[in-house]
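# Commentary on secondary and tertiary structure
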Amino acid sequence: QIHGLTVIHDLKDVKRNNTDFRVSKILIRALTGHFPLRIKAIYILEAPWFVRGMVKILQTLGILSTKVANLIHFVNDIQELYDVVDQDALLEEHGGTRIHDQSEWVLKQMEREKDNIMDSLYNCM
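What this report covers is the structure whose coordinates are included nearby. Computed from a predicted model, the values in this text were never measured in an experiment.

What follows deals with the sheet that holds strand β3 (residues 72-75). With parallel pairing, 3 strands are arranged side by side in an open sheet as β1-β2-β3. The open sheet has two free edges, formed respectively by β1 (5-10) and β3, since each of these has just one partner strand. Shown here is a sheet whose adjacent strand axes are inclined to one another by a mean of 20°, direction ignored. By the bridge criterion, 4 bridges tie strand β2 (residues 39-45) to β3 in an arrangement that is parallel. Residue pairing in the sheet places L45 in a bridge with V75 of β3.

This part covers helix α2 (residues 49-60). For α2, built from 12 residues, the straight-helix expectation of 16 Å at 1.5 Å per residue is met to within 8% by its first-to-last C-alpha distance of 16 Å. At the C-terminal side of α2, G62 shows a positive phi close to 85°.

Before going further, it helps to spend a moment on the environment of L90. In this structure, L90 sits in the loop between α4 (78-82) and α5 (102-114). Judged by relative accessible area, which is 3%, L90 ranks as buried. In this structure the C-alpha to C-alpha distance between L90 and I8, which are 82 residues apart in sequence, comes to 9.0 Å. Ignoring any residue separated from it by four or fewer positions in sequence, one finds L90 in contact with I8, L81, Y82, V85, G96, T97 and R98.

Conventions and cut-offs
- Residues numbered from 1 in each chain as written.
- Predicted model: local features only at pLDDT ≥ 70, side-chain atom pairs only at ≥ 80, totals over all residues.
- Heavy atoms only, no water.
- Pairing = 2+ DSSP bridges.
- Helix = DSSP H or I, 4+ residues; strand = E, 2+ residues; numbered from the N terminus.
- Axes fitted to C-alpha atoms, helices over the stretch in contact; angles between N-to-C directions.
- Expected span 1.5 Å × (residues − 1).
- Buried < 20%, exposed > 50% of the residue type's maximum accessible area, 1.4 Å probe, protein only.
- Contact = heavy atoms within 4.5 Å.

So, in structure tokens, the structure goes:
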């Protein structure tokens, strides 16, 4: 991660009734205080109105620094992402060639936690 980490967060089909903001809190704390990495940019795909509003409110209240807020980019058209991210690095569902099996990944992480090879994100709370 010489040049920094680019985060792509797809919020397609996210609605207020299927959102648990505690997950966002865990992810933000994990990314900003527990891993030695530099975030280059955060691209949020198809963000619903309430997510955009929450980011604006957090920035206004000073909870989200201007530096971090400037890293966040809301993307409605996947073509915008192709201008800044190598398309081959994207998942197939985003027009790339990368294949990812979420169920397999979760099982692998659960095994790693059980074997104490890694800490749980719950430790970031």
